[in-house]
Amino acid sequence: MSDPLGWLRTSEVAILLAIAATGAYLLWPLFPRLKPPSSTEIFGFQLAWRTARVREILAEWQRLGLLGRARTMIDLDWPFIPLYSSTLALAGTLAGRAVGTGDGETAAALLAYGAVAAALLDVSENVGLLAMLGGRTGQPVPALTSTAALGKWVLVFLVPLGVLVLLFWAALG
Amino acid sequence: MYASPPLECDIVMKGGITSGVVYPGAVEVIARRYRFRSIGGTSAGAIAAAIVAAAEHSPDRDTAFAAVAALPDELGEDRDGRSLMLTLFQPEQVNRPLFSALVGFMEKGKLSGALGLLRAFPRFPLLALALAGLSAGLGAVAGARGAVVVLGLAAALALLAAGVAADVFRAVKRLARTDFGLCRLGPPHGGEGPTALTGWLHGKLQSVAGREGSSPLTFAQLWGVEELPPDASEDEVEARRKRLVALSVDSRARATDLQVVTTDLTHGRPMRLPSPFQAHDDRLEDGGGLFFEPAELERFFPPDVMAHLRRHAPAMERDTAEKLEAAGAPETLLRFPAGPDLPVVVATRMSLSFPVLIAAVPLWELRFRSGDRPPLLRRVLFSDGGITSNFPVHFFDAPLPTRPTFALDLTGFGPGERPSRTDPSRSVADPAGVNAPGQEQRTEIDSLASFFTALKDAGQNWRDNAQARLPGFRERVVHIKLAKGEGGLNLGMRDEKIKELSERGAYAGGRLVTLFSGPPEGAPANTAHWNDSRFARYRVTMSLTERWLGTIRRGYLTPGDPVTTSYPDRVGAGLEAPYKFPSSAALAFAEEVTAKYLALVEEWDGAGQTLDGEGVPRPATTLRAVPPV
């Protein structure tokens, strides 16, 4: 599998990585928090799975006046998605190039595609979250939203792990 | 020099943060000839007023006013390269970056201020620098193409601007956690660190009043009513209470009458402190339903002031305690002594809360609800008195003044005017002549910023501005002009500037003395300004009284209609609630007095004479029922 960012020089990947990472770092603290006063953060809503659980969370947020805050989190997520997924993809590419072999290149490509997939899943998840906040809490919306969220979180965990493995690999020569 | 002044006066001082350094000079000159009986002010004017009141309370007036005169020197003293005045503004730990950025802008101008801002919030500037360095470096040595390098540099700039803006925004949002101000001005955190303004002021009030080591100076003590020993008898307690009620009603009988303005933000109105007792009740006119949480106010006031507040918190009635419990209030909540037993330093701090710079003072109240629902405990925030009345020129006003009420106004220079370091007369405008228009505020509106400033100023100050131009007021208002960089938010003013402003105040004080009782260096003399001012006031008062009585007669005699009971009929039924007369005799007295007023007006009408005609001083004035704030 070839490097999808092969048209960029390594130094350029580094610059773009720095831009994306600092952009994500800038945006991250702007996300409001729901817990406290809520007993559930947005992650709990993403992975609610069941209609009853979704309704329970929504009822609590409504009682605490937190529905607007939850919507703000999703609004902020739209610009955050390209920033963090680019960061992951570029970091994967850079780490793969550091390895310098064909296997490294393949691993880098996998990580980059993984980051893009995480972004697409995050977009799907956000659509589902907005639908549930808008009152569409019946199945299959909660289940689909949670599936997308689970996929995203797995990738968001695996891609950095892959980057670390590649860097370790490169360090070992 | 100050021991036995031959005359008495009142004084009112305007708010203006550090502009208050003009006041010691002014009051020092006036104090040589006048004893201050009623003293009022807002914000920085309240600080000056409190110190003057403490000096009048002192058993050694000479020493006390010498200490007042020495204040500008003290405030300008160098403390590790900064003036004492600047060190009195100690920010809360969490607000330090924002405060240092603000001071940087005020002290060093825009460019140095901007650099100071980057130093205060270094996270994103450092990241932006790293990004720019990385982009440029990789472009130079690793072959990154120009477009990507430029993108990196542009992103660094954007990161710098957006990151610093975001950090400043977050820091501003955090102000809510510190009662909406950078500084609470209370005791230093952990008991260590420089003394902030409230602690300094408390010490100053105690020393100037000659009460070092004693309990905090209170309004009751200024009125001439000392605290009772712990073993006082019930009779002594009752006698003291009666004396305080009597002095609440008759403010002229107070030994020294100090009043300051604060703004009750929660209810959107000004409040005068201390709150007097009601005439026929021992309840306070205002603020009697306020509570305080000692743990909260400990961040604002020194320990001995807090001990006094706890000791003098009015007893909690059982009914109130039950309502607090129903509202879920903590058991530590105490009633706030807003009356004469309030320490002067607490009222002064409540008046001085310049928004954002200085935190609002939080108190609590019960908010009752309809039906059986339990009351709610809600915060009541007190902020700067200047928000609602920055120049309370209406304080201590009397229909026929027996002593002058000097008013010290702080204003700006007109176009083409500038201060002179050696000639304070160029920075002070005399009070208006008795038969001349008063000096009006004139804001040059030539930009969007000045337009919005003018909008804010008009909304904030219209009452004071309109009052200060009236006959009876304008002749006693001296205007002290301050240029850009002088007073206001310039916390970092240096020693020389503080002294220069104090001299400006001294000149203004001298002009008031000269106009009202002859030159300060000579013996007091009868002056046309003072006596013509009193006569002008007489003309105004007589015209107003005639007009007021005329409107009473018209209203009283207007016949009833199907929806309106005439006044004679309703007054005749005055033994019915609400507001019923306490007895038939009281009702008969009311009817008799009313009849006499009406007869008086009829007599004037019949004679065809009026005191509300030609020659009454203008602009027009009016009488109406207004709240006592």
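Owing to the predicted nature of the structure, the values given are computational and were not obtained by experimental measurement.

Quick notes on the overall build of chain A
Within chain A, the regular secondary structure consists of six helices and zero strands. Principal-axis analysis of the C-alpha atoms gives chain A an extent of 55 × 30 × 25 Å. A buried classification covers 40% of the 173 residues belonging to chain A. Long-range contacts, defined as pairs at least 24 residues apart, comprise 77% of the intrachain contacts of chain A with a sequence gap of at least 6.

Focus: the overall build of chain B
Within chain B one finds 21 helices and 15 strands. Computed over C-alpha atoms, the radius of gyration of chain B comes to 28 Å, within 12% of the 25 Å expected from 2.2 N^0.38 for 629 residues, which places it in the range of a compact globule. Within chain B, the proportion of its 629 residues that are buried is 41%. The long-range share in chain B, meaning contacts at least 24 apart out of those at least 6 apart in sequence, stands at 76%.

Here's the deal with helix 6 (residues 141-172) of chain A
Residue and element names in this part refer to chain A. Given a rise of 1.5 Å per residue, 32 residues ought to cover 46 Å, and the 46 Å separating the end C-alpha atoms of helix 6 matches this to within 8%. Turning to helix 6, its buried residues are Pro142, Thr145, Ser146, Ala148, Ala149, Lys152, Leu155, Val159, Gly162, Val163 and Leu166. Buried residues along helix 6 sit in contact with helix 2 (42-46), helix 3 (51-64), helix 4 (67-99) and helix 5 (102-133). Positive phi appears at glycine 173, one or two residues downstream of helix 6, with a value of about 80°.

Here's the deal with the environment of leucine 150 of chain A
Topologically, leucine 150 of chain A is positioned in helix 6. Separated by 138 residues in the primary sequence, leucine 150 of chain A and glutamate 12 of chain A have C-alpha atoms spaced 32 Å apart.

A closer look at the interface of chain B and chain A
With 19 residues of chain B in contact, the opposing surface of chain A contributes 12 residues. Only helix 7 (123-141) and helix 8 (146-174) of chain B provide two or more residues apiece to the side of chain B that touches chain A. Looking at the side of chain B that touches chain A, the element that brings in the most residues is helix 8 of chain B, giving 10 residues. Looking at the side of chain B that touches chain A, its residues break down into 13 nonpolar, four polar and two charged.

Some words on the nonpolar core
Membership of the largest hydrophobic core comes to 174 residues, with the highest contact counts inside it found for Val52 and Val68 of chain B. Ranked by residues supplied to this core, first place goes to helix 2 (residues 44-57) of chain B with 11 residues. With residues up to four places along the chain from it excluded, the contact list for valine 52 of chain B reads Ile11, Val27, Phe36, Ile39 and Val68 of chain B. Grouped together as the second largest cluster of nonpolar side chains are 13 residues, Phe45, Ala48, Ile57 and Trp61 of chain A included.

As for the pairing of strand 12 (residues 376-384) of chain B
All names here are of chain B. Bridge count between strand 6 (residues 257-264) and strand 12: three bridges; the pairing is antiparallel. Residue pairing for strand 12: aspartate 264 is matched across the bridge by phenylalanine 382. Examined bridge by bridge, strand 11 (residues 361-367) and strand 12 share seven bridges and lie antiparallel to one another. When the sheet's bridge partners are listed, proline 362 is paired in strand 12 with leucine 381.

What to know about the confidence of the model for chain B
Across chain B, the average pLDDT comes to 94, with 100% of residues at or above 70. Two numbers describe this predicted complex: its pTM, 0.88, and its ipTM, 0.88.

Quick look at the packing of helix 1 (residues 10-27) of chain A against helix 4 of chain A
All names here are of chain A. Where helix 1 meets helix 4, the axes come as close as 8 Å, and the angle between the chain directions of the two elements is 145°. The chirality of how helix 1 crosses helix 4 is left-handed. Between helix 1 and helix 4, the residues in contact are Thr10, Val13, Ala14, Leu16, Leu17, Ala20, Ala21, Gly23, Ala24 and Leu27 and Leu76, Pro79, Phe80, Leu83, Tyr84, Ser86, Thr87, Leu90, Ala91, Thr93, Leu94 and Arg97, respectively. Classifying every residue of the contact of helix 1 with helix 4 gives 16 nonpolar, five polar and one charged.

Observations concerning helix 4 of chain A
Residues and elements named next belong to chain A. Compared with the 48 Å implied by 1.5 Å per residue over 33 residues, the 47 Å span of helix 4 between its first and last C-alpha is a close match. Residue proline 79 marks the point of greatest curvature in helix 4, where the axis turns by about 40°. A positive backbone phi angle near 80° is found at glycine 100, which sits one or two residues after helix 4.

Comments concerning unusual backbone geometry
With omega at -15°, the peptide bond leading from lysine 35 of chain A into proline 36 of chain A counts as cis. Locating proline 36 of chain A in the fold gives a position in the loop between helix 1 and helix 2. The omega angle of the peptide bond from leucine 273 of chain B to proline 274 of chain B is 0°, so this bond is cis rather than trans. If you trace the backbone, proline 274 of chain B turns up in the loop between strand 7 (269-273) and strand 8 (291-292). Its identity is not glycine, yet aspartate 179 of chain B carries a phi of approximately 55°, on the positive side. Examined against the element boundaries, aspartate 179 of chain B turns out to sit in the loop between helix 8 and strand 5 (181-183). Judged by the 21 C-beta atoms lying within 10 Å of it, aspartate 179 of chain B is buried.

Points about the packing of helix 2 of chain B against helix 15 (residues 344-351) of chain B
Residue and element names in this part refer to chain B. The N-to-C vectors of helix 2 and helix 15 enclose an angle of 165°; their axes lie 9 Å apart at closest approach. It follows that helix 2 is roughly antiparallel to helix 15 by the angle criterion. Like other packed secondary-structure pairs, helix 2 and helix 15 cross with a definite hand, here right-handed. Between helix 2, through Ala46, Ile47, Ala50 and Ala53, and helix 15, the contact on the second element is made entirely by Val344, Thr348 and Ser351. Residue classes in the contact of helix 2 with helix 15 are distributed as five nonpolar, two polar and no charged.

A short note on the pairing of strand 15 (residues 477-482) of chain B
Residue and element names in this part refer to chain B. For strand 15, the buried fraction is high: six of the six residues fall into the buried class. Burial of strand 15 is two-sided: the residues Val477, His479 and Lys481 facing one way and the residues Val478, Ile480 and Leu482 facing the other way are all buried. Alignment of strand 13 (residues 405-412) against strand 15, held across six bridges, turns out to be parallel. Residue pairing across strands places leucine 408 opposite valine 478, the latter belonging to strand 15. Two elements, strand 14 (residues 428-429) and strand 15, share two bridges in a ladder whose sense is antiparallel.

Looking at the environment of proline 82 of chain A
Tracing the backbone shows proline 82 of chain A in helix 4. Along the backbone, proline 82 of chain A and glutamate 105 of chain A are 23 residues apart, and their C-alpha atoms lie at a distance of 22 Å.

Quick word on the environment of alanine 170 of chain A
Residue and element names in this part refer to chain A. Looking at where alanine 170 falls in the secondary structure, it is placed in helix 6. Note on alanine 170: 17 C-beta atoms within 10 Å, which makes it partly exposed. Taking the C-alpha atoms as reference points, alanine 170 and isoleucine 19, 151 residues apart in sequence, are found 24 Å from one another. Filtering out sequence-adjacent residues up to four positions away, alanine 170 remains in contact with Ala95, Ala98 and Val99.

Reading guide: rules and limits
Residues numbered from 1 in each chain as written. Chains lettered and ligands numbered in written order. Predicted model: local features only at pLDDT ≥ 70, side-chain atom pairs only at ≥ 80, totals over all residues. Helix = DSSP H or I, 4+ residues; strand = E, 2+ residues; numbered from the N terminus. Buried ≥ 20, exposed ≤ 12 C-beta atoms within 10 Å, placed from the backbone. Contact = placed C-beta atoms within 7 Å. Rg over C-alpha atoms; globule rule 2.2 N^0.38 Å. Expected span 1.5 Å × (residues − 1). Nonpolar A, V, L, I, M, F, W, Y, C, P; charged D, E, K, R; others polar. Core = buried A, V, L, I, M, F, W, Y, C linked by C-beta atoms within 7 Å. Pairing = 2+ DSSP bridges. pLDDT = per-residue confidence, 0-100. Axes fitted to C-alpha atoms, helices over the stretch in contact; angles between N-to-C directions. Left-handed = near helix turned anticlockwise from the far one by under 90°. Bend = angle between axes of the 7 residues up to and from the residue. Parallel < 35°, antiparallel > 145°, perpendicular 65-115°, else oblique.

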